[in-house]
Amino acid sequence: MALALVDCESFYASCERIFRPDLKNTPIVVLSNNDGCVIARSTEAKKMGVGMGVPWFKIKNSFLAQGGKVFSSNFTFYGDMSARVMNILEGLIPRVEIYSIDEAFLGLDTFEQHYDLYGFGCYIRNLVKQWTGVPVRIGIAPTKTLTKIAINEAKRLDISTKVYRLATKKDIRNALANTPVHDVWGVGRRLNAHLNKARITNALHLADTDPNYIRRKFSVVLERTVRELRGQRCLNLEHSMTAKKQIIVSRSFGNRVSDLETLKPIVSNFAVRAAEKLRNEKQKCSQVSVFIRTSPFNKRKPEHTGYKTVELLTPTNDTRDILMAAKKALIPIFRTGYDYAKAGILLSRFTNEKSKQYSLFKDPNEPKENTRLMQYIDQLNVYETRIYYASQNINQWSPMKQNMASPKYTTNWHELPIANQGEK
Amino acid sequence: MKVNYIGKISEENLPAIFMPYFLEPVHAGFPSPASDYIESPIDLNKHLIKNGAATFLVRAQGQSMIGSGITDQAVLIVDRSIKPTHNSIVVASIDGEFVCKRLKLKPKMCLVPDNPDYPPIFINHGQDLEIVGTVTAAINKF
């Protein structure tokens, strides 16, 4: 029994380096939307003591003074690099579960008897690095929870190949003894405190606790973790994504918004995007909620949070219906005199696209139900938006501050990396 | 009141947006001699890119590879999965910058331009050189 977890090392920061050979040993940080917080750090930046999630303004001066380089997030580019890495993995192994933008689980059960799995892991790492420039770490173990521990062990033991396999019982127990319990997959801060009170401080303590006791005292989820730590597989590779239960599109604004005429088109943009996602999921929704709020950090300005849900009698995934509902939710919650810093839309209560539940009463806002029109618009808008709705703001998707983004190296003709052929 | 039946409207009557490559109307007479020979249209991606996950496009700047037909502003197709050999055209990073040159492995490893006006680059000990990938094609636009 063997699974592998492939994890891209400091993924966003590594991507930024691929087409910037001049930044080979430079500390790099990548910031969240609106350049708010640090969301990725290169190894050098971690060594400088830059914490995950720290607000950029707090470290800006010292980080730049020490020669660090900062980037706004460039998700177009990271998404393309991620697709390349996942493509390579899917070409090598038939069973791959893409877990996040920078992590994938590989099913290696049938490989175990034919291959040296550690060697195979090294092969994968070298191939991905050579073909894409992205460095990956690989943990190999009998269960998903243990593959995470294997990757942490590779880090702790400073293994230069960045590939680590937990093969024997002894390897596993040794690794668990060296893993603090809060580093176990699924153990959060609060759970950690409770476990520590019960004298469970490292992963081995947890693995050696009776799973039935854990289920009674904590939860069935943690019981599964215990079993996984003992090498009993509870979490299998998931092939298809489970259907979503809600869709949220929200953004913080780079510049504050205080009038309704500016806010409406932005909320429309979010609604359009949310409706596209909904159709992608092949679902319809019957609740549309909109929220707006002022900045919680600015104590001198008056605060306001508004939230309203509009019920639709007949489920829909037509953008025009969702736009109307969004407007209906936004107008009553908006108040003049406030500087709004964030807005969002939430679609919920889903039903399958195929099923149709008629309302007992006549719906005054009968959904338009023109699925073909939506299909055509979606097809036309695949690579770039060409068809807009009249209520959208087409100049600015959301008032964002992103002044330090790198070029879209792999997806835009005008932003390709440059090879200089001049005298050198 | 008289009603004239004109015809029914169904979804099938709506115009189709996507056409197959070759739409051959059925004639009662002689069939098209070409209908058995339909092929997909030429796809430049398929022709130029063998390994999509490992292929990157890089814009060339300058005249130093003019002898290989790479003009200023040409788009280079760089395949990172192809191991460069002696005489391969490569994109390499040297001293923190990308260059496009021809790789020579003997008698001594160096990067040579295909233009007599430019000097070859010898790799000194301790100099930072990394071959990024092999250039498999260049697109020059006129």
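Residues numbered from 1 in each chain as written. Chains lettered and ligands numbered in written order. Predicted model: local features only at pLDDT ≥ 70, side-chain atom pairs only at ≥ 80, totals over all residues.

Asks: Help me understand the overall build of chain A, please; the structure alone is not making it clear to me.
Replies: On a plain count of helices and strands, chain A comes out with 14 helices and 13 strands. By principal-axis analysis of the C-alpha atoms, chain A measures approximately 70 × 65 × 50 Å. Within chain A, residue pairs in contact and separated by at least 24 positions form 68% of the contacts whose partners lie at least 6 positions apart. (Helix = DSSP H or I, 4+ residues; strand = E, 2+ residues; numbered from the N terminus. Contact = placed C-beta atoms within 7 Å.)

Asks: Looking at this model, I keep getting lost on the interface of chain B and chain A. Mind explaining?
Replies: With 29 residues of chain B at the contact, the number on the chain A side is 20 residues. Elements with a contribution of two residues or more to the side of chain B that touches chain A: β1 (55-61), β2 (75-79), β3 (89-94) and β4 (97-104) of chain B. Top element by residues in the side of chain B that touches chain A is β1(B). It accounts for six residues. Here the side of chain B that touches chain A is composed, by residue class, of 18 nonpolar, seven polar and four charged. With three bridges joining them, strand β13 (residues 418-420) of chain A and β1(B) adopt parallel strand pairing. When the bridges of β1(B) are listed, A419(A) appears paired with A60(B). (Nonpolar A, V, L, I, M, F, W, Y, C, P; charged D, E, K, R; others polar. Pairing = 2+ DSSP bridges.)

Asks: Just to check I follow, could you spell out the sheet that holds strand β5 (residues 110-112) of chain B for this structure?
Replies: Picture the strands of a sheet paired through backbone hydrogen bonds; they go either parallel or antiparallel. Read from one edge of the open sheet, eight strands run β13(A)-β1(B)-β2(B)-β7(B)-β3(B)-β4(B)-β5(B)-β6(B), paired in mixed fashion. Each edge of the open sheet carries a strand with a single partner, namely β13 of chain A together with β6 (121-122) of chain B. Across five bridges, the pairing between β3(B) and strand β7 (residues 129-139) of chain B is antiparallel. Residue V90(B) lies in a different strand from β7(B), and its bridge partner there is T134(B).

Asks: What is the right way to look at the domain arrangement of chain A in this model?
Replies: How big an interface is tends to be stated in terms of accessible area lost as the parts join. As far as domains go, chain A holds domain 1 (8-139) and domain 2 (247-356 + 364-380). Centre-to-centre, using C-alpha coordinates, domain 1 of chain A lies 33 Å away from domain 2 of chain A. (Domains from an automatic or database assignment.)

Asks: Looking at this structure, I do not really get the pairing of strand β10 (residues 283-294) of chain A. What am I missing?
Replies: The side chains of a regular strand alternate, residue by residue, between the two faces of the sheet. Residue and element names in this part refer to chain A. Summarising the sheet, β10 and strand β12 (residues 340-352) pair through 11 bridges and their orientation is antiparallel. Paired with R293 across the bridge in β12 is K342. When β10 meets strand β11 (residues 305-316), the two strands line up antiparallel, connected through eight bridges. Bridge pairing links R293 to T305 in β11.

Asks: Just to check I follow, could you spell out the nonpolar core for this structure?
Replies: In this structure, V6(A), V29(A), A150(A), V58(B), L76(B), V91(B) and C100(B) are the most contacted members of the largest nonpolar core, which totals 85 residues. Counting residues per element, this core draws most heavily on helix α4 (residues 75-92) of chain A, which supplies six residues. Contacts of L76(B), omitting those with residues within four sequence positions, involve A419(A), L57(B), V58(B), A60(B), V91(B), C100(B), V135(B) and A138(B). Judged by nonpolar contacts, the second largest core, of 34 residues, contains F253(A), V257(A), I345(A) and F350(A). (Core = buried A, V, L, I, M, F, W, Y, C linked by C-beta atoms within 7 Å. Buried ≥ 20, exposed ≤ 12 C-beta atoms within 10 Å, placed from the backbone.)

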